[in-house]
Amino acid sequence: MSTAATGRRRGAAIFAVYLTIAGAAAEAQGTRTDYARAEQLLGWNARELVLHEGVQPRWLAGEGDRFWYRDRTSRGYEFVMVESATGTKRPAFDQVRLAASLSDVADTTYEPWKLPFQTFVLSADGRSVRFSTARQRYWQCDLSTYACAGPDTIPDERPGEVKSPDGRWIVTERDGNLYLRASSGGQEMQLTTDGTPDYGYALSNIGCCQQVTNVRNKTELRPYVLWSPDSKKFITHKWDQRNVRQMALLETRNPGPILYQYRYALPGDSVIPKFDLHVFDVGTRQGVRIDVPPQDVVNTSCCWLSTDTVWKDVRWGSATGSDQLFFTYGKRGFHELTLYVADARTGSARAVLRETGPTFVETNQNSGGIPNWRPVADGKEVVWWSERDGWGHLYLMDAQTGAIRNRITSGDWMVSDLLYVDEALRYVYFTGRGKESGRDPYFRFFYRARLDGGAVELLTPENGDHNVSMAPSGKYFVDVVSRHDTIPISYLRQPTGAIVREVQRADISRLLAAGYTMPEPFTVKARDGITDLMGLLFKPSNFDAGKSYPIIDYIYPGPQVGSLGGRQFTVGYGGNARALAELGFFVVQVDAMGTPGRSKAFHDAYYGNMTDNGIPDQIATIKQLAARYPQIDLDRVGIFGHSGGGFSSTDALLSYPDFFKVAVSSAGNHDNRSYDYTWGEKYQGLLKRLSDTTDSFDSQSNWRKAKNLRGKLLLVYGTLDDNVHPNATQLVIDELIKANKDFDMFVMPNRNHGFANEPYMIRRTWDYFVRNLLGIEPPASYEIRRPVGGPQ
């Protein structure tokens, strides 16, 4: 062969290598560009591009039913006051003057539209504001003179104090004992002496899921205290966690770790927390125990005992007095719930009614929902929510006999949240789902009905999900209506549904200019081929109909909430689905059977079989979508999730290895025997020994399926997760090693349960799917940054 020919071949080979390198470089650059575009559409970045979001009103007492809200505008945050009676809008205060005054007294510079409020309270008369800034520095400003006082000089209620409705008294808890003082000053009075940190009054750093986090952060928690409307008495609990299992976590520190221990009961434990109720009289300084046996600690709606700092399961019998109180009494196993009424003076109590069921009894299906029952007519009647006929409905009960006086609602739909009872006109106001034919069954509409029966009136007919906030007087409500694919519009309405004014509508022009595209709502059939399932599909904004795309399933199995959660417009979709799609994926979310918002049977779909996780419905959904969109490649299916989603995504990869090829699973409760007993025992049932080596929880444990791993699995956990203990993930890791399986993992030191939205976790999730589903190398060490500064 001639020297020239050899040179030509060598040159061609070099050129081919050059083309390969250049192609790889171009591909890497393209991927980096995709990452940058995806980062721009992450929830925290995308939200900053949305102006005039849905109004979240803060109602003020007094004439006119005024409320204020914080509005994101092009220059920052503005505080707006609305006079409901006239419908007028105005600035809540002069932000320029307040910023100048605060800058002067704090010896720093604050911008009017980026005020540094951590907490913010406008007085009932609207004449002063109280707020905190960084490092718990408290301030107060007069809105007539704009004189500001502080920091730390405000004689007002702090997080660890509970003030009486008339403002005269403050209750605190220290080391399990109660203390009372007048808000005007004077000597503090100790009400109890027999409390301890493990058997004490009004204890708040308890149960699942932030005990260690609260200790590390020195969080000042609100004691469990509920004042009577007349400020003469308050009710609290005496919490008994003596001999409850102790769990342990290690904080990574130099030169050595720090050990934290906390009380945390598991399914099957012989000892769980219990509590008694106690009523204290301010006048006599004496307390009385409510005369029922100590209660098992169970929840009546997910996921603990309180919501919005109000006790969920206790109500005073009258809107003005303090003679009697009502409370629900649950039993371990969640099959039985009893409503009691008690004499607040003597402690004597009697059962009003008892609700039972073969699975779990609740008083609201919504996660974080306030129980849907209220005493009315000075405690002579109770509005009660029950799923006894297969749907969540309201009943008017006789508080003396426990008998049903009449049904308030009925039909194949559910009452979602009981928001207000007008006792004078005998109306009850509530949101409902599934009543309006032809509408998404998850959309909340607002209704009213007579306590004594009759037609249910629709107050918000617009086709969308209605997020309603009722004024304390019941004379007005704010209605934010939107859908996943339409912008929020906020209305002020009268109790008849009549619109007083449109308060504002969102502006997403900047978001759309950044390349944001709306998700596509869809309906498919569940595993049974009959039941409708609703979900969302996200595609890349540069979608090419001629290309093939992997599909990634973002999963949260419930049972207390589904993958989608609410139906309001948002840019913060679970798993940052919109941003993930920009990397070249289809991303899907669907609320499978076993999640709330529908019938009781739908919610109970996999009771006692938590390994189901709704995964058969996820598979059915993806297959039906692939039939509609030929661009979906069913040989490249990924799945990911956090917490329950970490449990179910690993379960999917191990139980259905022929379908799911890649999973990212973080903070998963992979074996609910190592998770909070109020979770596993509620949805799997009480733990029962089946033999010397097996029990009723065996089927739901992921580590028993480790030998099935064939795909790519990334496991992640936080070392200070005091919600789902790291032990749950470590059990899976141990079995994968025993089975000689290849897998990936990393650990987030000193993180608690809430690390799913950290930039590093997001980037590593993206990398894993890009590498293993797209088959290309992600950009090296791409850094996602959270916004720094500005209003939060």
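This text goes with the structure placed above it.
Parameters and conventions
- Going along each chain's sequence as written, the residues are numbered from 1 onward.
- A pLDDT threshold of at least 70 governs which residues receive local features in this predicted model, and a stricter bar of 80 or more applies before side-chain atom pairs are shown or counted, although totals over entire chains, interfaces and linings include all residues.
- Excluding hydrogens and water, the side-chain values take into account all heavy atoms of the structure.
- The rule is simple: put a 1 Å grid over the protein atoms alone, call a set of points where a 1.4 Å probe fits but cannot get out a cavity, call an open set with protein on both sides within 12 Å along at least five of seven lines a pocket, and count a residue as lining if it has an atom within 4 Å of a point.
- Grid points are joined across faces, edges and corners, and a volume is the space filled by probe spheres set on the points.
- Helix and strand definitions follow DSSP, with helices as H or I runs of at least four residues and strands as E runs of at least two, each counted in order from the N terminus.
- All amino acids are sorted into three groups, where Ala, Val, Leu, Ile, Met, Phe, Trp, Tyr, Cys and Pro are nonpolar, Asp, Glu, Lys and Arg are charged, and the leftover types, Gly among them, are polar.
- When DSSP finds two or more bridges between a pair of strands, those strands are recorded as paired.
- Angles shown run from 0 to 180 degrees and are taken between the N-to-C directions of axes, each axis being a line fitted to C-alpha atoms and, for helices, limited to the stretch in contact.
- Residue exposure (1.4 Å probe, protein chains only): buried if accessible area is under 20% of the type maximum, exposed if over 50%, otherwise partly exposed.
- Two cysteine sulfurs form what is called a disulfide whenever their separation falls within 2.5 Å.
- Criterion for a salt bridge: a side-chain nitrogen of Lys or Arg within 4 Å of a carboxyl oxygen of Asp or Glu.

1. As for empty space enclosed by the protein
At step 1: Scanning all chains against the criterion turns up six cavities of 30 Å³ or more.
At step 2: The computed volume of the largest cavity comes to approximately 160 Å³.
At step 3: Phe275, Gln295, Leu305, Asp313 and Thr328 are the residues nearest the centre of the largest cavity, which is lined by 18 residues in total.
At step 4: When residues of the lining of the largest cavity are traced back to their parent elements, those giving at least two are strand S18 (274-281), strand S20 (295-296) and strand S24 (324-330).
At step 5: Here the lining of the largest cavity is composed, by residue class, of ten nonpolar, five polar and three charged.
At step 6: Roughly 50 Å³ of volume is contained in the second largest cavity.
At step 7: Gly207, Cys208, Gln211, Gln241, Arg263, Tyr264, Ala265, Pro273, Trp304, Asp676 and Tyr677 are the residues that line the second largest cavity.
At step 8: In the lining of the second largest cavity, the residues fall into six nonpolar, three polar and two charged.

2. Description of the sheet that holds strand S35 (residues 465-470)
At step 1: With antiparallel pairing, four strands are arranged side by side in an open sheet as S35-S36-S37-S38. At either end of the open sheet lies a strand with only one pairing partner, and these are S35 and strand S38 (499-505). Strand-to-strand twist of the sheet, defined as the mean angle between neighbouring strand axes without regard to direction, takes the value 20°.
At step 2: Two elements, S35 and strand S36 (residues 477-483), share six bridges in a ladder whose sense is antiparallel. Counterpart to His466 in the pairing with S36 is Val481.

3. Some details on the pairing of strand S19 (residues 286-289)
At step 1: With four bridges joining them, S18 and S19 adopt antiparallel strand pairing. By the bridge assignment, His278 is partnered in S19 with Arg289.
At step 2: A loop of four residues connects S18 with S19, the two strands running antiparallel in sequence, and Arg285 in this loop sits at a positive phi of about 65°.

4. A few points about unusual backbone geometry
At step 1: In this chain, Asn254 is followed by Pro255 through a cis amide linkage whose omega measures 15°.
At step 2: Relative to the elements of secondary structure, Pro255 occurs in the loop between strand S16 (246-251) and strand S17 (258-263).
At step 3: For the bond from Gly558 to Pro559, the omega torsion is 5°, close enough to zero to count as cis.
At step 4: If you check the backbone angles, Ser231 has positive phi at about 65° while not being a glycine.
At step 5: When you line up the elements, Ser231 lands in the loop between strand S14 (225-227) and strand S15 (233-240).
At step 6: Residue classification places Ser231 among the buried residues on the basis of a relative accessible area of 4%.
At step 7: In this structure, Asn243 takes a positive phi of about 70° despite not being glycine.
At step 8: Mapped onto the fold, Asn243 is located in the loop between S15 and S16.

5. With respect to the state of the cysteines
At step 1: Enumeration over the complete set of coordinates arrives at two disulfides.
At step 2: Each sulfur of the disulfide joining Cys141 and Cys148 lies 2.1 Å from the other. Between Cys141 and Cys148, the disulfide has an S-S torsion of 110° and is therefore right-handed.
At step 3: For Cys148, a relative accessible area of 13% corresponds to the buried category.
At step 4: What pairs with Cys208 in a disulfide is Cys209, and their sulfur atoms sit 1.5 Å apart. Torsion about the S-S bond of the Cys208 and Cys209 cystine: about 80°, corresponding to right-handed handedness.

6. Considerations on the pattern of salt bridges
At step 1: With the rule as written, the count across this model stands at 58 salt bridges.
At step 2: Across the pair Arg181 and Glu161 runs a salt bridge whose closest N-O atoms are separated by 3.0 Å. Taken as a pair, Arg181 in strand S11 (residues 177-182) and Glu161 in strand S9 (residues 161-163) lie far apart in primary sequence, 20 residues in all.
At step 3: According to the relative accessible area criterion, Arg181 is partly exposed, its value standing at 23%.

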